[in-house]
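Spelled out from the first residue to the last, the chains are:
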Amino acid sequence: MPVKKNVFESEKFEFSDTSFNLLMQKRIHRVLLVCSNYDAFILEEDGRIDEQVFNEYVSLNLRYPPVFIQARSAQQAFDILENDQIDLIIEMLNIGDIDTFELAKKIKSNYSKIPIVVLTYFSREVLFKLSHENLSAIDYVFCWLGNPNLLLAIIKLIEDKMNAKHDVEEIGVQTLLLIEDSIRYISVYLPDLYKIVLQQSREFIKEALNEHQQMLRMRGRPKILLATNYEEAVALYNTYKTNLLGIISDVSFMRGDKKDTTAGMAFCKMVREEDKQMPFLLQSANPECEQYANDLNVGFINKYSKTLSIELKNYILHHFGFGDLIFRDPITHQEIGRAKDLPSLQQLILTIPDRTLLYHTSRNHISKWLNARALFPIARMFKYLQAEDFENLDELRLFVDKTISRYRLSKGRGVIAKFDRSNFNEYLIFSRIGEGSIGGKARGLAFINNIIKKYKLYNKYEDVLITIPQTIVLSTDAFDEFMESNNLYPVAMSNISDEEILHHFIHAKLSQSIQQDLYAYISVVENPIAVRSSSKLEDSHYQPFAGIYSTYMVPNIRADKALTIKLLCNAIKSVYASVFYKSSKAYITATSNAIDEEKMGIVLQEVCGTRYGNHFYPTISGVARSINFYPIGVEKLEEGTVSIAFGLGRFIVEGGNSLRFSPRYPQKVLQLSTPEMVLKQTQKQFYALDLSPEKFIPSTDDGINLMKLSINEALNDKSFKMVTSTYDFQNNMIRESSDAIGKKVVTFSKILNHETFPLAKIISELMEIGQKEM
């Protein structure tokens, strides 16, 4: 079904998460190797098979390496099968006391679900023997050519076969189809193919946001399907053709009950009639077949080529969507640009020439490349992308750019990403620096971020984005390093004044690595930065630490990043120092905690708000409480209460005249019930951040650069008109218009009474969800 241009016109479109955790559920854990001591020694060469395979797994970032158990006789094999859980049996062709094929039949009759693989040395006598044997009890036969990667390929091929139906049909994992009946060439191709596929997966997991995601995304690698005759090939193609990256086929193989020397070409024609863009590689020992491949406009490899493996790899990289996505001029075939990852693809889409864009979209190159990188949700959106679905190419570019943006945003929500200064960007909502604890406050923010994603709140309300500010966290190991490298514990534990402690901390140094990470952070964020405490004890149940430690706000001077880094580092060190102030030590003692057990994480967040001249503040800040201990009128205890204010939230925390209302009854506000109460009990002042860098001086007062202004100083600010009404002196009444003549009062009337912004509904839903989740 073609994509239409209005698919993404709604901002409420959400990408579904790929369930990588549901992939590769069936695995090979224990392998029974039935062979003589001599064969085992030849296979092992200079080390145990377990170690060889384990080393292969580690080198490719794979997990769950299988354990090998050797049986030297048929009787020993049956004893092991009876007493152990075996997932795969590998037999060497000659095991001594019983014929290999007879043993396979006996095992299959008792253990029908265990796959059996025969491993043999290559010779004409062996091939002759195999051609006259009944192989019905054997799943695959491979030639041992001295390549230890073959064992890995065998295990992965069996695992792919076991998991293909679920992983491909339910999740959208991609496949490669290999059609080959030569045991020797199957044994050559499979290790090479898996090496290419696993190297590809090592590249695309770099786009995962943390190590856990990387481990899961490895499961989304393309699967390799093996067919040894025409009928198997047709069946596999028909089953998996919508998730097929490409086909590699021999020219001559069995069709029906006889060898067909043109079976590969017949299969290629069938595929091309249905899908003209499907990458197809023919390979044959007959060089004359290259002309047939050229006539069919498909790739060709001579099996006797001395560079067989290199040619195979190059074709897959260029045609199956592996490696970089190279944009070329369709006429000259000159390279225009290449996308290494999703961000670079997004940039190139906006700049490549029109004919290059048309060439690649019409051939499904973008979708295939995304699928090969396990980016299934976005790949599905681009699979049927056609220029005729849009009014012009600019709309097509905008569609692709917006789609990638929304996908990247959706992937960044609800996840604690591992901070990487080389690829940090505006799409990463929550990142961590270090491996230690992130502290209580950061855990709470991460939990909120997770809830927003879980309940799809991000763009649930029209023209409103619900999100936490872009956040990075310095984990507690950064605190440990800072304290130990600067030998600050003797100072911190002493009885000197708070000012002296702060002085020592300010003159200590943060590590160069942390400073480089901060430089990457300020290069992305636009607004001023809040430096907040996030200690291990903060936000713990039954022992709140709210207000115990300091929070600083520093301006982000875009024209002087070095100055911003200096201010930011001083703020971080000031928060670290606040752990050891007299009030903090006293509170920790009062709550039966030990000061030397306290560790401080740091939360860095963009400050929400707008710049007006040389100061910065939000239109609304507030505190919501899930229990209303003093309900008024129709209000109920369990419905909670909200206090909001104009400007920074410090005004509320310090007990200023904020506006209090129940989110269920936003139009019933006691403070607004009479003009006299409005004049007396509404906000007269507000807090704003002074953006002058010289106003931020390291101090035990974390409000050193905050300005307490009269609301009259905001009369010309655009945001002020959204929250104010006018007191009409002559008629002793409150007029909701902010343009009327009279005294301006902060009532939030437009928001609470007329829902110019659905604040009450949003807070009510957030509180309800928060209570449920807690």
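Residue positions are given per chain, counted from 1 along the sequence in the order it is written. Selection of residues for local features in this predicted model requires a pLDDT of at least 70, selection of side-chain atom pairs for listing and counting requires 80 or more, and totals for whole chains, interfaces and linings are taken over all residues. Each side-chain value is derived from all of the structure's non-hydrogen atoms; neither hydrogens nor water enter the calculation.

It is worth spelling out the overall build of the protein chain at this point. Helix and strand definitions here come from DSSP, where helices need a minimum of 4 consecutive H or I residues and strands a minimum of 2 consecutive E residues; each element is numbered from the N-terminal end. Counting secondary structure elements, the protein chain contains 29 helices and 30 strands. Overall, the C-alpha framework of the protein chain stretches about 110 × 65 × 50 Å when taken along its three principal axes. For every residue, the accessible area (1.4 Å probe, protein chains only) is compared with the maximum for its type, and the residue is labelled buried under 20%, exposed over 50%, or partly exposed between those bounds. Across the 774 residues that make up the protein chain, the buried fraction comes to 53%. Here, two residues are considered to be in contact whenever any of their heavy atoms come within 4.5 Å of each other. Counted over contacts in the protein chain with a minimum sequence separation of 6, partners at least 24 positions apart contribute 69%. Here the protein chain displays about 35,600 Å² of accessible surface, and carbon together with sulfur accounts for 51% of that area. Computed over 89 positive and 95 negative side-chain charges, the inter-centroid distance for the protein chain is 4 Å. Per-residue accessibility takes into account occlusion by the displayed protein chains alone, with areas from the Shrake-Rupley method and a 1.4 Å probe. The charge count includes Lys and Arg as positive and Asp and Glu as negative, but it does not include His or the ends of the chains. Throughout, a charge is located at the NZ atom of Lys, the CZ atom of Arg, the CG atom of Asp or the CD atom of Glu.

On to the packing of aromatic side chains, then. Here the aromatic set is Phe, Tyr and Trp, taking the six-membered ring for Trp, and pairing holds for ring centres within 6.5 Å; pairs whose planes are under 30 degrees apart are stacked, those over 60 apart are edge-to-face, and all others are tilted. Per the counting criterion, the structure on display carries 22 aromatic pairs. On the basis of an interplanar angle of 80° and a centroid distance of 6.0 Å, the ring pair of Tyr315 and Phe320 is categorised as edge-to-face. The exposure class assigned to Phe320 is buried, which follows from its relative accessible area of 0%. With a centroid separation of 5.0 Å and an interplanar angle of 70°, the aromatic rings of Tyr727 and Phe729 are classed as edge-to-face. Assessed through its relative accessible area of 9%, Tyr727 is described here as buried. By way of ring pairs, the aromatic residues Phe479, Phe482, Phe505, Tyr576 and Phe580 are connected into one cluster. Geometrically, a lysine NZ or arginine CZ counts as sitting over a ring once it is within 6 Å of the ring centre and also within 35 degrees of the ring normal. The positively charged end of Arg184 is found above the aromatic ring belonging to Tyr185, 5.2 Å away from the centroid.

On to the confidence of the model for the protein chain, then. Per-residue confidence for the protein chain averages 87 on the pLDDT scale, and 91% of its residues sit at or above 70. In the predicted structure, residues 1-12 sits below a pLDDT of 50 and forms 27 contacts with residues beyond four places in sequence or in another chain. Per residue, pLDDT measures the predictor's confidence, with a range of 0 to 100.

We now examine the pattern of salt bridges. Put simply, a salt bridge is a Lys or Arg side-chain nitrogen that is within 4 Å of an Asp or Glu carboxyl oxygen. Tallied over the full model, the rule gives 32 salt bridges. Residue Asp167 pairs with Lys223 through a salt bridge whose shortest N-O separation is 3.1 Å. Of this pair, Asp167 sits in helix 6 (residues 149-171) while Lys223 is found in strand 7 (residues 223-227), placing the two residues 56 residues apart along the sequence. According to the relative accessible area criterion, Asp167 is buried, its value standing at 1%. Close ionic contact of Glu773 with Lys454 constitutes a salt bridge, the shortest N to O distance being 3.0 Å.

Let us look at the state of the cysteines. When two cysteine sulfur atoms are found within 2.5 Å, that pair is recorded as a disulfide. Counting across every chain of the model gives zero disulfides. Unpaired in terms of disulfides, Cys35 finds its nearest cysteine sulfur in Cys143, a separation of 16 Å. Judged by its relative accessible area of 0%, Cys35 falls in the buried class. Cys143 gets classed as buried once you look at its relative accessible area, which sits at 2%.

Below, the discussion takes up the sheet that holds strand 29 (residues 733-735). One open sheet accounts for three strands, arranged 29-28-30; its pairing is antiparallel. What marks the edges here is a single partner per strand, and that holds for strand 29 and strand 30 (743-746). The mean inter-strand angle of the sheet, taken between neighbouring strand axes irrespective of direction, is 40°. Two elements, strand 28 (residues 724-728) and strand 30, share four bridges in a ladder whose sense is antiparallel. Along strand 30, the bridge assignment pairs Tyr727 with Lys743. Strands qualify as paired when DSSP identifies two bridges or more between them. Orientation is described by lines fitted to C-alpha atoms, with helices fitted over the stretch in contact, and by angles between N-to-C directions that extend from 0 to 180 degrees.

This paragraph deals with the packing of helix 3 (residues 74-83) against helix 4 (residues 100-110). The N-to-C vectors of helix 3 and helix 4 enclose an angle of 20°; their axes lie 11 Å apart at closest approach. By the criterion of interaxial angle, the relationship of helix 3 to helix 4 is roughly parallel. Classified by chirality, the crossing of helix 4 by helix 3 is right-handed. On helix 4, the residues touching Ala74, Phe78 and Leu81 of helix 3 are Leu103, Lys106, Ile107 and Asn110. By the definition adopted for this analysis, an angle is roughly parallel if under 35 degrees, roughly antiparallel if over 145, roughly perpendicular if from 65 to 115, and oblique otherwise. By definition, turning the near helix anticlockwise from the far helix through less than a right angle yields a left-handed crossing, and turning it clockwise yields a right-handed one.

Another point: the nonpolar core. Buried Ala, Val, Leu, Ile, Met, Phe, Trp, Tyr and Cys residues form a nonpolar core when they are joined through side-chain atoms within 4.5 Å. Ranked by size, the top nonpolar core spans 49 residues in total, and within it Phe505, Ile572, Tyr576, Ile602 and Leu604 carry the most contacts. Listed by contribution, the elements that provide at least two residues to this core are strand 17 (471-474), helix 19 (476-485), helix 21 (498-506), helix 22 (512-522), strand 18 (529-535), strand 19 (551-554), helix 23 (561-578) and strand 20 (600-606). Considering each element in turn, this core owes the most residues, nine residues, to helix 23. Setting aside anything within four residues of it in sequence, one finds Ile572 in contact with Leu474, Leu510, Leu518, Val531, Ile602 and Leu604. The next biggest cluster of nonpolar side chains, apart from the first, holds 45 residues, and it includes Ile90, Ile154, Ile155 and Ile186.

A word on the environment of His29. As for its placement among the helices and strands, His29 is situated in the segment before strand 1 (30-34). C-alpha of His29 to C-alpha of Tyr64: the two residues are 35 residues apart in sequence and 7.2 Å apart in space. What His29 contacts, discounting residues up to four positions off in sequence, is Pro66, Val67 and Asp87.

Among the residues of helix 19, Thr476, Ala478, Phe479, Asp480, Phe482 and Met483 are the ones counted as buried. The inward-facing, buried residues of helix 19 contact strand 17, helix 20 (489-492), helix 21, helix 22, helix 23 and strand 20. Two residues or fewer past helix 19, Asn487 is found with a positive phi of approximately 50°.

This part is about unusual backbone geometry. For Lys456, which is not a glycine, the phi torsion comes out positive at approximately 55°. Relative to the assigned elements, Lys456 resides in the loop between helix 18 (440-454) and strand 17. Judged by relative accessible area, Lys456 falls into the exposed class, the value being 53%. Even without being a glycine, Asn732 presents a positive backbone phi close to 50°. With respect to the helices and strands, the residue Asn732 is situated in the loop between strand 28 and strand 29.

Looking now at the sheet that holds strand 23 (residues 621-625). With respect to topology, three strands assemble into an open sheet ordered 23-24-25, the strand pairing being antiparallel. The sheet is open, and its two borders are formed by strand 23 and strand 25 (659-661), each paired with just one other strand. Averaged over neighbouring strand pairs, the angle between their axes works out to 15° when direction is ignored. Of the strand pairs in this sheet, strand 23 and strand 24 (residues 641-645) are connected by five bridges, and their pairing is antiparallel. Along strand 24, the bridge assignment pairs Ser621 with Ala645. On top of the sheet, helix 29 (residues 759-773) reaches strand 23, strand 24 and strand 25; it is set at about 135° to strand 24, its chief contact.

Right, let's get into the side chain of Asp329. Within the secondary structure, Asp329 is located in the loop between strand 13 (325-328) and strand 14 (335-339). A polar contact of 3.1 Å, which involves the side chain of Asp329, links it to the backbone nitrogen of Thr332. A polar side-chain atom of Asp329 sits 2.6 Å from a polar atom in the side chain of Arg355. The residues touching Asp329, leaving out its near neighbours within four places in the chain, are Gln334, Ile336, Arg355 and Thr356. As used in this structure description, the phrase polar contact means that two N or O atoms lie within 3.5 Å; if the pair is within protein, one of them must be able to donate a hydrogen and the other to accept it, and residues adjacent in sequence are counted only when both atoms belong to side chains.

It is worth spelling out the pairing of strand 13 at this point. When a strand is regular, its side chains alternate between the sheet's two faces. Relative to strand 14, strand 13 is paired through four bridges, and the arrangement is antiparallel. Bridged to Leu325 within strand 14 is Ala339. Hairpin connection of strand 13 to strand 14: six residues between the antiparallel strands, including His333 at a positive phi of 60°.

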